[in-house]
Amino acid sequence: MSKADVIVGLQWGDEGKGRIVDLYARDYDVVARYGGGDNAGHTIVVGERELALRIVPSGVMHRHVELFVGGGTVVNLQTLVEELDALAALGMDLTRLKISDRAHIVFPYHVQRDKAAEVARFDAIGTTGRGIGPAYVDRVARTGIRFADLLRTRELADKIRTNAGDGESADLLKTTIGHAERLKAHVVDGVAWLQERLTQGKRVLLEGAQGTLLDVGYGTYPFVTSSHTIAGGACTGLGIGPSAIGRVIGVLKAYSTRVGAGPFPSELHDHRAEQLRQQGGEYGTVTGRPRRCGWLDAVAARYAVTLNGLSSAVITKLDVLTGFERIGIVTGYRRGRKPAGFADVGEDGLEVEIEELPGWSEPIRGYRRIADLPKAARDYVERIGEILGVPIEIVSVGRERTQLAR
Ligand code: IMP
């Protein structure tokens with residue numbers, strides 16, 4: 001029996017997990033996603049080629065890797081079919097992609113509800129507008145439609161009629177049956193499928209979507225996504241027990257970003273935010289929105305270590321900080337004179353304490369060893385290691401697949 005390792009984002013998503021999963025996937029037999037849907041957008045860069053993935057796990061570049069979409073996900077069939085077409089056009093074999101019969105389906109009516117809810121809200125969340133929240137609402141309300149239902153046309157028709165209303169249901173049923181024809185060969189008993197591989201001793205990597213601080217239970221509620229993004233979500237999202245989990249590897253961007261509304265204690269509002277945005281290409285993969293940018297937040301990072309039971313970390317996009325004279329880290333929160341913690345985020349009057357470290361100006365993309373980095377960059381990485389209290393396995397120093405220092 002093997003144990004499955006988890007890769008999670010430690011901030012508000014967009015830490016560059018896709019690329020890190022791609023890197024680790026080489027040493028695994030299976031890469032499985034456990035939550036979220038096409039609100040996620042993982043970009044993988046291989047040479048000149050850029051691949052935007054929404055649903056398909058980031059291990060896709062490795063031909064030997066089996067890909068799995070777990071029962072904790074919500075999947076838009078149209079997005080999935082388009083993604084499979086795009087990958088097939090690149091010559092990829094996707095018979096190795098399996099989808100849990102327990103995964104839920106995102107329908108156009110979920111997308112409509114998501115958009116309408118945003119307009120109706122006093123404080124809009126800034127969702128990706130992909131119907132993710134409403135699909136999870138249906139799941140919990142026990143009115144959702146699952147991949148298992150795609151295989152049973154009569155029940156599917158009844159359920160679609162109930163959910164979509166008579167007006168829309170005929171067209172929707174027709175397109176859904178078309179999608180079902182196309183996708184049914186990928187649908188498996190998700191619990192048995194994964195269990196079999198763990199029992200066979202296969203090496204399994206579990207890929208988180210979004211980031212820790214967007215977790216529906218423990219993130220900056222209500223400005224969160226609707227799934228459990230933390231490592232524990234891998235158990236419920238795949239139907240495995242906590243004892244099946246091995247290592248938990250966290251991905252931390254060298255600074256912070258957030259897309260959508262909600263509290264962001266270390267946010268910058270001056271030219272430095274713009275510099276981070278430009279140097280880091282901080283625009284949403286799914287929505288194209290400019291991301292809000294700020295310094296690394298040590299309070300939030302330590303909170304993320306706790307929530308995930310982290311074993312080790314990977315730091316991404318260190319090169320983006322090149323050229324900053326001084327680099328800040330938020331090391332504490334206060335409300336008035338009183339020290340505050342992550343639970344106080346979103347409360348009025350939260351102030352931050354910032355520690356500044358010297359920056360560096362020399363390009364660092366060519367470095368392959370952490371120990372060889374310019375002193376200021378090395379010191380910054382060391383400081384992050386101290387904050388997290390776990391070993392740092394890798395630091396990414398550029399966009400290309402090989403631009404990594406160990
Ligand atoms: P939803 O997941 O579309 O409901 O959006 C809820 C919140 O999560 C919004 O602030 C989104 O911007 C954010 N979000 C959802 N998916 C991602 C992601 O993959 N990266 C970053 N933010 C995300």
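Before going into details, it helps to say that this report is about the structure given with it. (Residues numbered from 1 in each chain as written. Predicted model: local features only at pLDDT ≥ 70, side-chain atom pairs only at ≥ 80, totals over all residues. Heavy atoms only, no water.)

Details of helix α10 (residues 298-308)
Item 1. Those residues of α10 that sit buried are Ala298, Val299, Ala300, Ala301, Ala304, Val305 and Asn308.
Item 2. Those residues of α10 hidden inside the fold are in contact with β1 (4-9), β11 (245-253), β14 (296-297), β16 (326-335) and α11 (375-388).
Item 3. For α10, the N-terminal cap is Asp297; the gap from its side-chain oxygen to the backbone nitrogen of Val299 is 3.0 Å.
Item 4. Taken from the residues just after α10, Gly309 is the one with a positive phi, measuring 60°. (Buried < 20%, exposed > 50% of the residue type's maximum accessible area, 1.4 Å probe, protein only. Helix = DSSP H or I, 4+ residues; strand = E, 2+ residues; numbered from the N terminus. Contact = heavy atoms within 4.5 Å. Polar contact = N/O pair within 3.5 Å; in protein donor to acceptor, adjacent residues only side chain to side chain.)

Some details on the nonpolar core
Item 1. Formed by 61 residues in total, the largest nonpolar core has its most connected members in Val6, Leu206, Leu318, Leu321, Trp360 and Tyr380.
Item 2. The element that contributes the greatest number of residues to this core is α11, accounting for 7 residues.
Item 3. Counting 49 residues, the second largest nonpolar core, distinct from the first, contains Val21, Leu53, Phe147 and Ile249. (Core = buried A, V, L, I, M, F, W, Y, C linked by side-chain atoms within 4.5 Å.)

Notes on the site of the ligand
Item 1. The full set close to the ligand counts 15 residues, and Asp14, Asn39, Thr128, Thr225 and Val259 are the nearest of them.
Item 2. Separating an oxygen atom of the ligand from a side-chain N or O atom of Thr128 is a distance of 2.6 Å.
Item 3. Contacts to the ligand include Arg289, whose side-chain N or O atom sits 3.1 Å from an oxygen atom.
Item 4. A class-by-class count of the residues in the shell around the ligand yields 6 nonpolar, 7 polar and 2 charged. (Near = heavy atom within 4 Å. Nonpolar A, V, L, I, M, F, W, Y, C, P; charged D, E, K, R; others polar.)

Focus on the pattern of salt bridges
Item 1. Counted by the stated rule, this structure contains 31 salt bridges.
Item 2. Close ionic contact of Asp149 with Lys159 constitutes a salt bridge, the shortest N to O distance being 3.0 Å. With Asp149 in helix α5 (residues 147-150) and Lys159 in helix α6 (residues 153-183), this residue pair connects regions lying 10 residues apart in the sequence.
Item 3. For Asp149, a relative accessible area of 3% gives the class buried.
Item 4. The partner of Arg369 in a salt bridge is Asp372, and the shortest N-O contact between them spans 3.2 Å.
Item 5. Connected via shared salt-bridge partners are Asp14, Lys253, Glu282, Arg291 and Lys317. (Salt bridge = Lys/Arg side-chain N within 4 Å of Asp/Glu carboxyl O.)

Structural notes on the packing of helix α3 (residues 108-120) against helix α4 (residues 132-141)
Item 1. The contact between α3 and α4 brings their axes to 7 Å, and the two run at 115°. With respect to their mutual orientation, α3 and α4 come out roughly perpendicular. Here the hand of the crossing between α3 and α4 comes out right-handed. Each of Tyr109, His110, Arg113 and Asp114 in α3 lies in contact with α4, whose residues at this interface are Ile132, Pro134, Ala135 and Asp138.
Item 2. When grouped by side-chain class, the residues that make up the contact of α3 with α4 number 4 nonpolar, 1 polar and 3 charged. (Axes fitted to C-alpha atoms, helices over the stretch in contact; angles between N-to-C directions. Parallel < 35°, antiparallel > 145°, perpendicular 65-115°, else oblique. Left-handed = near helix turned anticlockwise from the far one by under 90°.)

Let's talk about unusual backbone geometry
Item 1. Cis peptide bonds are those with omega within 30 degrees of zero, and the linkage from Tyr221 to Pro222 qualifies with 5°.
Item 2. On the secondary structure map, Pro222 appears in the loop between β10 (204-207) and α8 (232-238).
Item 3. Backbone geometry places Asp14, a non-glycine residue, at a positive phi of 60°.
Item 4. Mapped onto the elements, Asp14 comes out in the loop between β1 and α1 (17-25).
Item 5. For Asp14, a relative accessible area of 23% gives the class partly exposed.
Item 6. Residues other than glycine seldom take positive phi values, yet Gln210 does so here, at roughly 55°.

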